[in-house]
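# Tertiary structure, described
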There are 2 protein chains.
Amino acid sequence: MMPQQMVGFIEEDLKKVEGAIAHHLESQVGFISEVARYVLSSGGKRVRPVLLILSARLCNDGGERMYDLSAVIEFIHTATLLHDDVIDNAALRRGNPTVHALWGNEMAILIGDYLYSKAMALALSDKDHLVMQTVSNVTVEMAQGQVIETLKLRDLAMSEDDYYRIIDLKTASLFAASCTIGAVLGGLSPSQRAQVTAFGQHTGIAFQMADDILDFVAPEAQLGKPVHNDLKEGKITLPLIMAMQHASAQEAQMVVEYFHKKDSTEADVQPILALLHKYDTLQCAMAKAHEHVLKAQQCLEGFAPSPALDALHALADYVVARDV
Amino acid sequence: MMPQQMVGFIEEDLKKVEGAIAHHLESQVGFISEVARYVLSSGGKRVRPVLLILSARLCNDGGERMYDLSAVIEFIHTATLLHDDVIDNAALRRGNPTVHALWGNEMAILIGDYLYSKAMALALSDKDHLVMQTVSNVTVEMAQGQVIETLKLRDLAMSEDDYYRIIDLKTASLFAASCTIGAVLGGLSPSQRAQVTAFGQHTGIAFQMADDILDFVAPEAQLGKPVHNDLKEGKITLPLIMAMQHASAQEAQMVVEYFHKKDSTEADVQPILALLHKYDTLQCAMAKAHEHVLKAQQCLEGFAPSPALDALHALADYVVARDV
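Residues numbered from 1 in each chain as written. Chains lettered and ligands numbered in written order. Predicted model: local features only at pLDDT ≥ 70, side-chain atom pairs only at ≥ 80, totals over all residues. Heavy atoms only, no water.

### Notes on the overall build of chain A
- A count of helical and extended segments in chain A gives 16 helices and two strands.
- Relative to a compact globule of 324 residues, whose C-alpha radius of gyration would be 20 Å, chain A shows 20 Å and is just as compact.
- C-alpha extents for chain A along the principal axes are approximately 60 × 50 × 30 Å.
- Evaluated residue by residue, chain A yields a buried proportion of 60% over its 324 residues.
- Of the roughly 12300 Å² that chain A leaves accessible, carbon and sulfur atoms contribute 52%.
- Taking the average place of the 26 positive charges on the side chains of chain A and the average place of its 41 negative ones, the gap between the two points comes to 2 Å. (Helix = DSSP H or I, 4+ residues; strand = E, 2+ residues; numbered from the N terminus. Rg over C-alpha atoms; globule rule 2.2 N^0.38 Å. Buried < 20%, exposed > 50% of the residue type's maximum accessible area, 1.4 Å probe, protein only. Areas by Shrake-Rupley, 256 points an atom, 1.4 Å probe, with all protein chains shown as cover. Lys, Arg positive; Asp, Glu negative; His and termini not counted. Charge placed at Lys NZ, Arg CZ, Asp CG, Glu CD.)

Here's what the structure looks like:
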């Protein structure tokens, strides 16, 4: 969950979001409810529902629709986590065994599909075309982002632009969509809606950049999953892309050889980490993440002071300062 | 493709369906287009688009919307095939290597997700609430059906009712949805729409029953995939459920032992096949499939004679008489 001082004033809203999630997880198939409840109650921070609610509350009250649509966003997010865990063959998420580890690949794929479908059905029942369009567009973007990311695994020709394109599609798009939907519910003007959507986009980019940096530096207990996961999966993120720009031919060759290896160990990873430290690219990448936080906050210029505005500012800071 | 004498008069429609499929597969990510084209042009019979078009043409002309919405249905169908192949670890489909075999699990999962999302976005652009609702409900039902099927793998307590529930959700629902959408486009009355939807449901049930019987009897060259696939995956279908109702204690024990084994071979499968032949349950199951064909055809009573009506009758016969 998010820090209390940031979201305390929307505590009632967040309780209703939990209620909506629980309500819409009830399925005619008891097993689906059970597995979906397991994964949806396993320590997610609900960042996206918070974004939706705060965006709605910038000018007005978003009304009851905020809760069901927050459930829509969390269902989509959870569906991608379930499929990610199959793809990455991950055993742990947030310190708990993954659905794929407990119930097998089949169930992780199928319950992911179920949550996608359920999200769409629920978004449709909102009957707002713009909301529905936002939801359906974002799922297309996320799938595209994940395909590109998979294509670029172990590809050291990957550029900073490639990196930004991937995280923009796979992560920031859902942050932006959460803000867009909140803006629609709160009755913001089209130009205000564009402002909060851009806020969500930059916040999402910063969030993913911080996530990628944490993968290099945070201990397992904090990550809730094995350390250096990205490197071991062949995922090339900003700190490494930046280091490759400075690397000597010999250093670059070492990195190339690392990515040619299968089943790399912690010992294999160490020379890469040393390279990042030598060229200080974890710091550089974090500085870039902070630039996006600043850009996000600048997007909100012109909104009248309100608790929601303060909380959005704080949330943008939080996504790069959080533990995990 | 379907027999020419059945669908010859909608040949132009079917060409436009192929055009719509190709058009909407164009993605900003070239690789997605390539893989999706591979799987969508690999010998599918387009049964569901044919159902949609014939339903629309029962009374009127469904107009241009028929083609995009046929693409929606085929995208959903293809997404489930991609995910199925990962779940079943299948190497062949329709005689061709599967996406999962060629490009890996990751891509089969992600491009399946992409096709689902794309289908939803495309259905939304139709702007008809009933169409969109039909599309979103059917994906929920299909996911439920597949979860139940997976839960019931190797479960010899599975009943005929369980079997019908599974095939109704996983297969017949999309046949029914294709007919519903066609009926909406053709401007059929609500009661006529209910008739063609029920036609689709019974036709889909008959189709899946025939598919399950073919898995026991057809040679590999005809199936386009290994023989006795269902048995080897632990999938229990109607002929076996019926045989278990007649089996002696000793025969039942043999079946139980078969399903406790891992990695069964063709030799392991033979005693099960002998059991089905002894109690003639392949014939019995086929007779039940024919009952659904008849029920499907009875659903169409009251429609004025037309080439579309004739073709729907023929199509219901075809789904149990086809090679594969």
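Don't stop here, the text continues.
### Re the interface of chain B and chain A
- Every contact between the two is made by 36 residues of chain B and, on the other side, 36 residues of chain A.
- Linking chain B with chain A are zero salt bridges, by the criterion used here.
- Secondary-structure elements contributing two or more residues to the side of chain B that touches chain A are helix H3 (30–40), helix H5 (65–88), helix H6 (99–124) and helix H7 (129–151) of chain B.
- Its residues placed into classes, the side of chain B that touches chain A shows 20 nonpolar, eleven polar and five charged. (Contact = heavy atoms within 4.5 Å. Salt bridge = Lys/Arg side-chain N within 4 Å of Asp/Glu carboxyl O. Nonpolar A, V, L, I, M, F, W, Y, C, P; charged D, E, K, R; others polar.)

### A short note on the confidence of the model for chain A
Residue and element names in this part refer to chain A.
- Mean pLDDT over chain A works out to 92, with 98% of the residues at or above the 70 mark.
- Across chain A, element-level confidence peaks in helix H8 (residues 160–185) with a mean pLDDT of 98 and bottoms out in helix H10 (residues 220–223) with 69.
- Interface predicted TM-score (ipTM) for the complex: 0.92; the corresponding pTM is 0.93. (pLDDT = per-residue confidence, 0-100.)

### Description of the relation of the copies chain B and chain A
- Expressed as a screw operation, the relation of chain B to chain A combines 0.0 Å of axial shift with a rotation of 180°, fitting to an RMSD of 0.0 Å. Such a turn and shift between the copies fits a two-fold axis.
- Most of the interface of chain B is mirrored in chain A: 100% of its interface residues are interface residues there too. (Least-squares fit on C-alpha atoms with pLDDT ≥ 70 in both.)

### Observations concerning the pattern of salt bridges
- Taken as a whole, this structure holds 35 salt bridges over all chains when the rule is applied.
- In this structure, Asp61(A) and Arg57(A) form a salt bridge, with 3.8 Å as the shortest nitrogen-oxygen distance.
- Here Glu149(B) and Lys170(B) are joined by a salt bridge, their closest N and O atoms 2.8 Å apart. On the criterion of sequence distance, the pair formed by Glu149(B) in helix H7 and Lys170(B) in helix H8 (residues 160–185) is long-range, its members being 21 residues apart. Just as Glu149(B) is buried, Lys170(B) falls in that class too.
- Each of Asp13(A), Arg57(A) and Asp61(A) takes part in a single network of salt bridges with overlapping partners.

### Focus: the packing of helix H3 (residues 30–40) of chain A against helix H6 (residues 99–125) of chain A
All names here are of chain A.
- Orientation of H3 relative to H6, taken along the N-to-C sense of each, is 100°, at an axis distance of 10 Å. It follows that H3 is roughly perpendicular to H6 by the angle criterion. Taking contact as the criterion, the partners of Phe-31, Ile-32, Glu-34, Val-35, Ala-36, Tyr-38, Val-39 and Leu-40 in H3 are, on H6, Val-99, Leu-102, Trp-103, Met-107, Ile-111, Tyr-114 and Leu-115.
- For the contact of H3 with H6, a count of residues per class yields 14 nonpolar, no polar and one charged. (Axes fitted to C-alpha atoms, helices over the stretch in contact; angles between N-to-C directions. Parallel < 35°, antiparallel > 145°, perpendicular 65-115°, else oblique.)

### Considering the environment of Glu11(B)
All names here are of chain B.
- Tracing the backbone through its elements, the reader meets Glu-11 in helix H2 (residues 11–25).
- Given the relative accessible area of 37%, Glu-11 is considered partly exposed.
- C-alpha separation for the pair Glu-11 and Asp-263, spaced 252 residues apart in sequence, amounts to 45 Å.

### Observations regarding the state of the cysteines
- For the structure shown, the criterion picks out zero disulfides over all chains.
- No disulfide involves Cys179(A); its nearest neighbouring cysteine sulfur is the one of Cys299(A), lying 9.9 Å away. (Disulfide = S-S within 2.5 Å.)

### What to know about the side chain of Ser33(B)
All names here are of chain B.
- One can find Ser-33 in helix H3.
- Of the residues examined, Ser-33 reaches a relative accessible area of 3% and is grouped as buried.
- In this view, Ser-33 contacts Leu-25, Glu-26 and Ser-27; residues no more than four positions away in its chain are not counted.

### Some words on the packing of aromatic side chains
- Scanning the entire structure with this criterion turns up ten aromatic pairs over all chains.
- Consider the rings of Phe31(A) and Trp103(A), whose centres lie 6.1 Å apart with planes at 90°: the pair is edge-to-face. Of this pair, Phe31(A) sits in helix H3 while Trp103(A) sits in helix H6; the two residues are 72 residues apart in sequence, bridging distant segments of the chain.
- Since its relative accessible area comes to 16%, Phe31(A) is described here as buried.
- Ring geometry for Phe175(B) against Phe207(B): centres 5.0 Å apart, planes inclined by 50°, an arrangement best described as tilted. With Phe175(B) in helix H8 and Phe207(B) in helix H9 (residues 190–217), this residue pair connects regions lying 32 residues apart in the sequence. Judged on exposure class, the residue Phe175(B) and its partner Phe207(B) are both buried.
- By the ring-pair criterion, three or more aromatic residues cluster together here, those being Phe31(A), Tyr38(A) and Trp103(A).
- Geometry around Phe207(A) places Arg48(A) over its ring, the cationic atom sitting 5.8 Å from the centre. (Phe/Tyr/Trp six-rings, centres within 6.5 Å; stacked < 30°, edge-to-face > 60°. Lys NZ or Arg CZ within 6 Å of the ring centre and 35° of its normal.)

### Some details on the side chain of Asp85(A)
- Turning to its location among the elements, Asp85(A) is positioned in helix H5 (residues 65–88).
- Contact partners of Asp85(A), with chain neighbours within four places excluded, come to Ala90(A), Arg93(A), Thr98(A) and His100(A).

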